[in-house]
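Survey of secondary and tertiary structure
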Amino acid sequence: MNTARMRGLDQMLIMSVFFLGVFGLAMLFSSGQTDVPTAAAVVWRKQIVWFGIGIFVAALAFRLSPRYLEWLTPGLYAFALFLLVLTLLIGTGAGTASGVRSWLSVGGVRIGQPAEFAKLATILMLARLLANTRNTPTSLWDLLPASVVAGLPLVLVALQPDLGSAIVFVGILFAMLFWAGVNPWLLLLMASPIISLLLSFSPVSWGAWILILTAILVWMRPFVLEAATVWLTNVVMGIISLELWGRLAPYQKNRLLSFLSPDIDPQATGWHLIQSKVAIGSGGFLGKGFTVGTQKRLAFLPEQHTDFIFPVVGEELGFVGVTLALVLFASFLLALVRVARLATDSYSCLLVFGIAGMIFSHVIENVGMTIGLMPITGIPLPFFSYGGSFVVICWATIGLAQRVAWDSRNAGYHA
Amino acid sequence: MKIKHLERILSTCFVLLLLGLVYLQIVEGERYRKQSDENIIRLVPISAPRGSISDRHGVVLADHRLTFDVAIVPQETENLAALIEKLSELTHADKEILLSTYSRNVSTPFMPATVLEDIEKETAIMLEERRDLPGTMILITSRRHYSYGSDTVHLLGVISEIPPKELKRLRPYGYAFKDLLGQGGIEESFDNYLRGTGGGTQLKVNSKGYKVATLGYRPATKGKDLTLTVDIRLQRFIHSLFDGKKGAACVMHPETGEILALVSSPSFNPNEDFSTFLHAEEKPFLNRVTQGRYPPGSTFKLVVATMALEEGKITPDTSFRCSGLFQLGDSEFKCWRERGHGEQHLIEAIRHSCNIYFYRTALLGGAELLASYAKLFGFGKRTQLELPYEAAGLVPTPFWKRFVIRERWYPGDTVNFAIGQGYLSVTPLQLLRMASVIAADGKLVEPYVVKQIGSLEVKGGRYHLLPISEETLSVIRQGMIEAVNTPDGTGQYAAVEGFEIAGKTGTAQNAQGEDHGWFIAFAPADNPVVVAGIIVEFAEHGSRVAPLVNNVIARHLLGDDYQEGAYQVELPADSAPASVPIIPVPRERPN
């Protein structure tokens, strides 16, 4: 790359990604350092290979003009949906969740998780849709097309079932609608059925929520039909929640239950959460030292190289380490937001913000679940967790974001 | 506007995460640190060898025997079912039993779980040498072994795994799950000294409980060895005399209170599985010496005599006439000899064990006075011998009867009291101590059985000098000497050549069957060094016990010179004093 090109790149984005990548690789190396034989011992080397592939894909994505990408978008989106359907039909499981169908395999070799690709494709499709919407959506009816675009892959992923990724689609949708200028209160109304669903386990809090919702509806004065729909949906959600609960897979139920109370069954269901909290908590302020965390070394911490790599940071590097990680993620997100703000066209702008929304959802969900603020849903932490498809997609989004930054620099926009 | 919202949402989310982390790592950090340490550290206890128990001459009564157990280490075993199968083939033990023992004992992967206990040494060596049994190991453990088995079981007690109920109470004193606890006897009352301090190994384990490193080691300290005052040769001899019959015998040094032998029969062998005896009708678990409660019968006449002499109610020369029958109000009380003993003074009355004489004497003093003298001799109170669950017995008083039986005290009750029947109940140990008071010039000694704890000598021989005059004691002693050493004495069959025995018979009325026979004695009469108290249940009368007593005393005094069979006396069945059934006392008319 020549210097002109380097100058066109977003330096803050590069720096934060560089440090996140190094930090992540170091922790992945540490997660393989155990006293108990583990498959995680050598994954850091494989991860370097994936990083290499990811950076190559990022370079390719950087070459891709946003215009060309916008033209490609419907095709990519359709292809993603096709892959998700295919996964449901012939997908295979992995590891502990072998009952789920989230992998596509060819000849017994797993080649990737289509859900990760679908996340990017959905971002692209939403960006295209919202960029071409002339007026800012003001009613729930206006939000329907966007909801369908995000909803289709969401449902397909949820059927695998992969609850963690499904939630990411919600995060992407809300982030992009928000960025497109939709009134946050309207978004709250849209999210209200899900809130009803979650609160319906306690009749008192659900009743309180319905009252609050009614107050919001009266205050916002949307169309009568719309208000009635929202209100009724909430009521119905509250009523059918138990039916839906019955349809969840047992391990999903257990995970939700142990999120509410990890001590119900400490040996089985609550094990992940308890050991994760013990690992992070026992790190204290400065941590036990790089590679010497006992929770990890002696295999108390499950999935320490994938979903539960954050507790390794907490245990070995303490509060200082986790704060550093969060600061890096925050600066990465801020860099993305700045790139989005300076974007030359609304498609690129929404695209980059959608990427930020995806990364944000992953970080909040992953870190939140390791400290018991979120239910355990099995979701990787960007740049830290080991995993092929997700690593490649992350790097690809950075290539796309840098292209947008480069375009805006060359067009004369400056921060 | 949009950016401001965004900033707010972003910072709220990140601050929430940070707050969660602050809570976990800073606020609760210490607690989680401890929890993570507890996660990885396990303590494998090493039990301390229990102290041994030996007799006064250093003969070991209880110690350890090495045994070989087969155990399986779960973390080193690949195929448990196949291993068990092979082990069952090699040891000829049932597969099911091996498996059930294993599943009962298995705890954590690094702890060997016993599958078969106490195998032959040859089998153990054979298993040890085999290389095709991965995860199998031979544990050399020690088991409590009682060298004299059933001879000493009531004295020593047994040990067993601590019952869950007891554990709750004893946990603050350092007892843990599966610890051994003494049950009954010395094992129980001296458990604290005998059990020693356990050691342990600190292990670092992983999440599956597999051992990854050893962190620390503390050896166990052996418990204290105990030396008893008991002479095991005498103890065995007495037990063999009982030959399984029910009864109890206790031999003591009258001056020091050292227990020389303590035998309760029937007995059981503590080295074998004795659980079947738990509910046996003969009650082999009962230590009859300290827990058996019997009416003292005629032996109590010595207390009546002491009371009357000390209180000046009679003199040694006071004589009463015995016609064989005694009228009290509407009731008649008989002497054991139907034709009566005629005119006799106190020493003669003791010699003949005349009921009538003591009816009259007791009535002169009254029940209150009699009860207070009984208490003076230590009845109704535990002797504080170091064995658990001692019975206190009962000394009735008019006050007691009013409040417990809810009846008034009749003169007939006093008459019963005088010949040691009715409500009065004593343990053989208490009765022995009464005899020792007479033998040791009024000293009520504190009996003790543990002579030495470790290298520490127990200071024994403590006594309480009773306010009984030397004259009184010598009169009663004379009565006891004559009871054994005159042809018409009730204890004549206890007489032996070579030394003078003083003694008194007694017959304890037994509503359940034949009466129990008592005999208390000391020797040599002029300078007693041994006092014995024996009860044989269903012996019908005290004189039947006499040949037991003389053999016991001879065995002790002669030591190894004692020759078996030298003192066998043929018992004439008809001449022995039987107890007289008490005629129910009719309610007296108030007038």
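On a predicted model such as this, the values are computed, not experimentally measured, just so you know.

Looking only at helices and strands, chain A features 16 helices and 2 strands. On C-alpha atoms alone, chain A measures out to a radius of gyration of 22 Å, which is about the 22 Å that the 2.2 N^0.38 rule sets for 415 residues. Projected onto its principal axes, the C-alpha coordinates of chain A cover approximately 65 × 60 × 45 Å. When each of the 415 residues of chain A is scored for burial, the buried share is 53%. The long-range fraction of contacts in chain A, counting pairs at least 24 apart against all pairs at least 6 apart in sequence, stands at 71%. For chain A, the exposed surface amounts to about 17600 Å²; the carbon and sulfur share of it is 71%. A distance of 8 Å separates the average location of the 23 positive side-chain charges in chain A from that of its 17 negative side-chain charges.

Along chain B, the regular secondary structure elements total 20 helices and 23 strands. Relative to the compact-globule value of 25 Å for 591 residues, chain B shows a C-alpha radius of gyration of 33 Å, a clear excess of over 25%. The principal-axis extents of the C-alpha atoms in chain B amount to approximately 125 × 70 × 40 Å. Expressed as a percentage of its 591 residues, the buried residues of chain B come to 53%. Put simply, of all contacts in chain B between residues at least 6 apart along the chain, 68% involve residues at least 24 apart. Accessible area for chain B stands at about 27700 Å²; split by element, carbon and sulfur atoms hold 51% of it.

Moving on to the sheet that holds strand 22 (residues 516-523) of chain B. All names here are of chain B. Pairing within the open sheet is antiparallel, and its 5 strands lie in the order 12-11-23-22-21. Two strands bound the open sheet, and with one partner strand each, they are strand 12 (259-265) and strand 21 (502-508). Ignoring strand direction, the axes of neighbouring strands in this sheet form an average angle of 5°. For strand 11 (residues 247-252) and strand 23 (residues 530-536), the ladder comprises 6 bridges, and the chain directions are antiparallel.

Moving on, we get to the packing of aromatic side chains. Taken as a whole and assessed by the stated rule, the structure comprises 28 aromatic pairs over all chains. Between the aromatic rings of A:Phe23 and A:Phe384, the centroid separation amounts to 5.3 Å while the plane-to-plane angle is 65°, which identifies the pairing as edge-to-face. With A:Phe23 in helix 2 (residues 11-31) and A:Phe384 in the loop between helix 15 (346-370) and helix 16 (388-410), this pair connects stretches of sequence that are 361 residues apart. Each member of the pair, A:Phe23 as well as A:Phe384, is classed as buried. Ring centres of A:Phe383 and A:Trp395 lie 5.8 Å apart, and the angle between their planes is 85°; on these two criteria the pair is classed as edge-to-face. Note that A:Phe383 is positioned in the loop between helix 15 and helix 16 and A:Trp395 in helix 16, a separation of 12 residues in sequence. Residue classification places A:Phe383 among the buried residues on the basis of a relative accessible area of 4%. Here A:Trp395 falls in the buried class, since its relative accessible area comes to 10%. Among the aromatic residues, ring-to-ring pairing joins A:Phe51, A:Phe332, A:Phe383 and A:Trp395 into one connected group. The ring of B:Tyr463 carries the charged tip of B:Lys443 above its face, separated from the ring centre by 4.9 Å. The ring of B:Phe237 has B:Arg555 lying over it, and the distance from NZ or CZ to the ring centre is 5.9 Å.

Turning next to the confidence of the model for chain B. Here chain B averages 86 in pLDDT, and 95% of its residues register 70 or above. Low pLDDT, under 50, characterises residues 569-591 of chain B; the stretch is placed with 41 contacts to residues that sit more than four places away or in other chains.

All names here are of chain B. The interhelical angle for the contact between helix 12 (residues 301-310) and helix 19 (residues 470-485), taken along N-to-C directions, is 150°, at an axis separation of 10 Å. Viewed along their axes, helix 12 and helix 19 form a crossing whose handedness is right-handed. Contacts from Leu-302, Ala-305, Thr-306, Leu-309 and Glu-310 of helix 12 reach helix 19 at Thr-472, Val-475, Ile-476 and Met-480. Within the contact of helix 12 with helix 19, the residues separate by chemical class into 6 nonpolar, 2 polar and 1 charged.

The next point concerns the environment of A:Leu28. Residue and element names in this part refer to chain A. For Leu-28, the location among the structural elements is in helix 2. Overall, Leu-28 belongs to the buried group, its relative accessible area being 0%. For the pair Leu-28 and Ile-359, spaced 331 residues apart in sequence, the C-alpha to C-alpha distance is 19 Å. Not counting the four nearest positions on each side in its chain, Leu-28 is found in contact with Val-43, Trp-44, Gln-47, His-305, Ile-309, Phe-384 and Tyr-386.

Next up on the list: the nonpolar core. If you look at the biggest cluster of nonpolar residues, it comprises 119 residues, and the most contacted ones within it are A:Leu177, A:Trp179, A:Phe332, A:Leu351, A:Phe383 and A:Phe384. Element by element, the count of residues in this core is highest for helix 14 (residues 310-341) of chain A, at 16 residues. Other than its neighbours up to four places away in sequence, A:Phe384 contacts A:Leu20, A:Phe23, A:Gly24, A:Met27, A:Leu28, A:Gln47, A:Ile309, A:Val313, A:Ala325 and A:Phe329. Membership of the second largest hydrophobic core comes to 95 residues, among which are B:Ile419, B:Met434, B:Ala439 and B:Val475.

Taken residue by residue, the interface counts 28 residues in chain B and 43 residues in chain A. Here chain B and chain A share an interface that buries about 3000 Å² over both sides, 78% of which is from carbon and sulfur atoms. It is B:Phe14, B:Leu17 and B:Gln25 that lose the most area in chain B upon contact with chain A, and together they represent 22% of the buried surface on that side. Of all the secondary-structure elements, those providing two or more residues to the side of chain B that touches chain A are helix 1 (2-27), helix 2 (29-40) and strand 8 (199-205) of chain B. If you tally residues by element for the side of chain B that touches chain A, the top one is helix 1 of chain B, at 16 residues. Of the residues assigned to the side of chain B that touches chain A, the class counts are 16 nonpolar, 9 polar and 3 charged.

Residue and element names in this part refer to chain B. An order of 1-8-9 is seen for the 3 strands of this open sheet, with the pairing classed as antiparallel. Bordering the open sheet on either side are strand 1 (41-46) and strand 9 (211-218), each of which pairs with just one other strand. On average, each strand axis in the sheet is inclined to that of its neighbour by 25°, with strand direction left out of account. Where helix 2 meets the sheet, it contacts strand 1 and strand 8, and its direction lies at approximately 50° from that of strand 1.

With that settled, the discussion passes to the environment of B:Glu96. Within the element layout of this structure, B:Glu96 appears in helix 4 (residues 95-105). Among the residues examined, B:Glu96 registers a relative accessible area of 54% and is labelled exposed.

Turning our attention to a nonpolar patch on the surface. A contiguous nonpolar surface patch, about 610 Å² in accessible area, is contributed by A:Phe285, A:Leu286, A:Val320, B:Tyr23, B:Ile26 and B:Val27. Note that B:Ile26 resides in helix 1.

A word on the pattern of salt bridges. Under the counting rule described, the total for this entry stands at 34 salt bridges over all chains. A salt bridge links A:Lys296 to A:Glu316; the nearest nitrogen and oxygen atoms lie 2.6 Å apart. With A:Lys296 in helix 13 (residues 294-297) and A:Glu316 in helix 14, this pair connects stretches of sequence that are 20 residues apart. Its salt-bridge partner being B:Glu258, residue B:Arg56 comes within 3.0 Å of it at the nearest N-O pair.

Residue and element names in this part refer to chain B. Of the pairings in the sheet, the one linking strand 10 (residues 226-228) to strand 18 (residues 450-453) comprises 3 bridges and is antiparallel in character. If you follow Thr-227 over to strand 18, its bridge partner there is Gln-452. In this sheet, strand 19 (residues 456-457) lies alongside strand 18 in antiparallel orientation, the contact comprising 2 bridges. By the bridge assignment for strand 19, Ile-453 is matched with Leu-456. Adjacent in sequence and paired antiparallel, strand 18 and strand 19 are bridged by 2 residues, among which Gly-454 carries a positive phi angle near 65°.

Let us now look at the pairing of strand 11 of chain B. Both faces of the sheet carry side chains from a regular strand, because those side chains alternate between them. Residue and element names in this part refer to chain B. Here strand 11 lies mainly inside the structure; 6 of its 6 residues are buried. A two-sided burial pattern is seen for strand 11, the buried positions comprising Gly-247, Ala-249 and Val-251 on one face and Ala-248, Cys-250 and Met-252 on the other. Taken together, strand 11 and the strand that follows it, strand 12, pair antiparallel across an intervening segment of 6 residues, in which Gly-257 is found at a positive phi of about 85°.

Cut-off values and rules
- Residues numbered from 1 in each chain as written.
- Chains lettered and ligands numbered in written order.
- Predicted model: local features only at pLDDT ≥ 70, side-chain atom pairs only at ≥ 80, totals over all residues.
- Heavy atoms only, no water.
- Helix = DSSP H or I, 4+ residues; strand = E, 2+ residues; numbered from the N terminus.
- Rg over C-alpha atoms; globule rule 2.2 N^0.38 Å.
- Buried < 20%, exposed > 50% of the residue type's maximum accessible area, 1.4 Å probe, protein only.
- Contact = heavy atoms within 4.5 Å.
- Areas by Shrake-Rupley, 256 points an atom, 1.4 Å probe, with all protein chains shown as cover.
- Lys, Arg positive; Asp, Glu negative; His and termini not counted.
- Charge placed at Lys NZ, Arg CZ, Asp CG, Glu CD.
- Pairing = 2+ DSSP bridges.
- Axes fitted to C-alpha atoms, helices over the stretch in contact; angles between N-to-C directions.
- Phe/Tyr/Trp six-rings, centres within 6.5 Å; stacked < 30°, edge-to-face > 60°.
- Lys NZ or Arg CZ within 6 Å of the ring centre and 35° of its normal.
- pLDDT = per-residue confidence, 0-100.
- Left-handed = near helix turned anticlockwise from the far one by under 90°.
- Nonpolar A, V, L, I, M, F, W, Y, C, P; charged D, E, K, R; others polar.
- Core = buried A, V, L, I, M, F, W, Y, C linked by side-chain atoms within 4.5 Å.
- Buried area = accessible area lost by both parts, 1.4 Å probe.
- Patch = residues over 30% accessible without salt bridge, like charges linked within 9 Å, V, L, I, M, F, W, Y side chains within 5 Å.
- Salt bridge = Lys/Arg side-chain N within 4 Å of Asp/Glu carboxyl O.

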